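Each chain is listed here by its residues.
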Amino acid sequence: MLLNQQLVQQFVAQAISFGDYEQEDSIYIQNQLLRILNARGVTEALKSPLAKDATANEITQYWINEAINENCIEDGLYVREIVEAQLLDLITPRPSVINRKFREAYEQSPEMATNYFYEIAKRNHYVKEDAIANNINYEVDTEYGDIEITINLSKPEKDAKQIAKAKAAPATEYPKCALCIENEGFQGSVTQAARANHRVIRLNLDGQPWGFQYSPYAYFLEHSIVFSEQHVPMEVNKQTFVNLIDFIKKFPHYFIGSNADIPLVGGSILSHNHYQTGRHVFPMDNATEIEKFNITDFPSVEASTLNWPMSVIRLKSKNSSELIQAATHVMTQWNQYSDNSVDIKAYSKEGERHHTITPIARYRDELYELDIVLRDNQTSMEFPDGIFHPHKDVQHIKKENIGLIEVMGTAILPGRLKEELQQVKSYLLGAVHINLGVHKQWADDMKQTYDIDTDNVNKIVDNEVGYKFKRVLEDAGVFKNTKFGRAAFKRFIDIL
Ligand SMILES: [Zn+2]
């Protein structure tokens, strides 16, 4: 295939203006384009098939489709992603340049620095705004305040051919995992993400090297990951609080939180220590503080419980080191705490640890805040998936682990629900011969409860999904919001 000369010029102009290149690099960039796309040359024609102001990403998508049609590159999702990342790498400054400019912008303000880096991540399509726009987002009003629902439609599905190829691919140990810093600039393969256009900001948290990057399929504004430069397992301990607070001091306009460090109650990656951060205000941030109390030995720290489906202790102080001490005290007490009357148990008979926390830090009203969400990962005969995990009757909406983002009141629900909820709605409006499978009982309950018509069906189903998610969080809560549960929570607070 031949590349349209006008498009090449448009792309080269952007590589010069945004990347590391100068005018004299034009022919060199043109030849990189030919190499990456397996193209033979450049046309004489000057008329561009795209608008004059087409972005480098738009040109890239156009060329990839053309290259597939002309059999220059293989038609497969991972091949597309590798070619895309390589092309857009050309409009991305190299890591040392980005890090230097980030530090320079930081001298103006932390916000200028993150804005600078975020613009690059969007421009080079590392953050996939177009895909994220496919997600369905809405809010549902509950007794805990508004909660957020996201039906995740942003991640492209791997086709059967790629899945088969990935199965046959030899195991590789480089990079060790998807979070490792060795992904910066990595080509990718059938089993590993294409990262040629990926850049990492170097951070120092409490004297240790960490990396900062945006998340390609963001669940909220400026969703980003902070990860250890070492491939070491997740661990929530005193150092976690130290690191979270250090990050908040450096980037007070972002929140930061960590997933739990034991199975069933945390995120999907336990093998590499990392946190999640970003600019979003979550439903839990706005939860009402109910019972306020003091913790002996930490007079500067204000403590409270929250009106929230999960069990949270919020600590606030101007004094960050005392706050860290207090948080460590609460965590240590929780990690050893058992209360048979509410099925809470710190260790199994064999000595396996069941308790941990999900910590979240933010800076608000000139105070440092740490939210400590109490977690317990026991299973039982009655609840083999987890006692404090979504129970069977709500798993048709959410059966995965309840991680940091859900804990804070933002449901990330599987894409399959888009189609399934359409079917539920058709059924509620009287369609027969629909096999609703796991949703049948729920749909029949709605039929009993509501007078449903075409005007209100969307609202009713949207809200009911929200109520199910509320139940999911209540299942994950260790102290239930009942008189009995609150009394048990009070007993734990009394030992602090
Ligand atoms: Zn790793």
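Since this is a predicted model, take the numbers as computed values, not measurements.

Once that is clear, we can look at the sheet that holds strand β4 (residues 145-151). Across a sheet, paired strands are connected by hydrogen bonds in the backbone, their directions being either parallel or antiparallel. The strand order across the open sheet built from 3 strands is β3-β4-β15, with neighbouring strands paired in mixed fashion. Whereas interior strands pair on both sides, the edge strands pair on one side only; in this sheet they are β3 (136-142) and β15 (410-413). If you compare each strand with its neighbour and ignore which way they point, the axes differ by 20° on average. When β4 meets β15, the two strands line up parallel, connected through 4 bridges. Each bridged residue has a counterpart across the sheet, and for Glu 148 the counterpart in β15 is Thr 410.

Time to look at the coordination of the zinc ion. Every protein donor of the zinc ion is listed here as Cys 177 (SG), Cys 180 (SG), His 231 (ND1) and His 272 (ND1), and their distances to the metal cover 2.1 to 2.3 Å. Positions of the donor residues of the zinc ion along the chain correspond to the pattern C-x2-C-x50-H-x40-H. In this pair, Cys 180 sits in the loop between α8 (160-168) and β5 (201-205) while His 272 sits in the loop between β8 (255-257) and β9 (274-278), placing the two residues 92 residues apart along the sequence.

Given 3.6 residues to a turn, an α-helix orients residues that are three or four positions apart in the same direction. Here helix α1 (residues 5-18) is 14 residues long and its end C-alpha atoms lie 20 Å apart, about the 20 Å a rise of 1.5 Å per residue gives. Gln 6, Leu 7, Val 8, Gln 10, Phe 11, Val 12, Gln 14, Ala 15 and Ile 16 are the residues of α1 that are buried. The N-cap of α1, judged by a side-chain oxygen 2.9 Å from the amide nitrogen of Gln 6 a few residues on, is Asn 4.

Let us look at the sheet that holds strand β11 (residues 302-306). The strand order across the open sheet formed by 10 strands is β5-β6-β7-β9-β8-β13-β14-β12-β11-β10, and the pairing between neighbours is antiparallel. Across the chains shown, the open sheet's two edge strands, defined by having one partner strand only, are β5 and β10 (289-293). Taken pair by pair, the neighbouring strands of this sheet meet at an average axis angle of 25°, ignoring direction. Across the face of the sheet, helix α15 (residues 483-494) comes into contact with β10, β11, β12 (312-317) and β14 (367-376) while running at roughly 40° to β12.

Rules and cut-offs
- Residues numbered from 1 in each chain as written.
- Predicted model: local features only at pLDDT ≥ 70, side-chain atom pairs only at ≥ 80, totals over all residues.
- Heavy atoms only, no water.
- Pairing = 2+ DSSP bridges.
- Helix = DSSP H or I, 4+ residues; strand = E, 2+ residues; numbered from the N terminus.
- Axes fitted to C-alpha atoms, helices over the stretch in contact; angles between N-to-C directions.
- Donors = N, O, S within 2.8 Å, 3.2 Å for Na, K, Ca; no water.
- Expected span 1.5 Å × (residues − 1).
- Buried < 20%, exposed > 50% of the residue type's maximum accessible area, 1.4 Å probe, protein only.
- Polar contact = N/O pair within 3.5 Å; in protein donor to acceptor, adjacent residues only side chain to side chain.
- Contact = heavy atoms within 4.5 Å.

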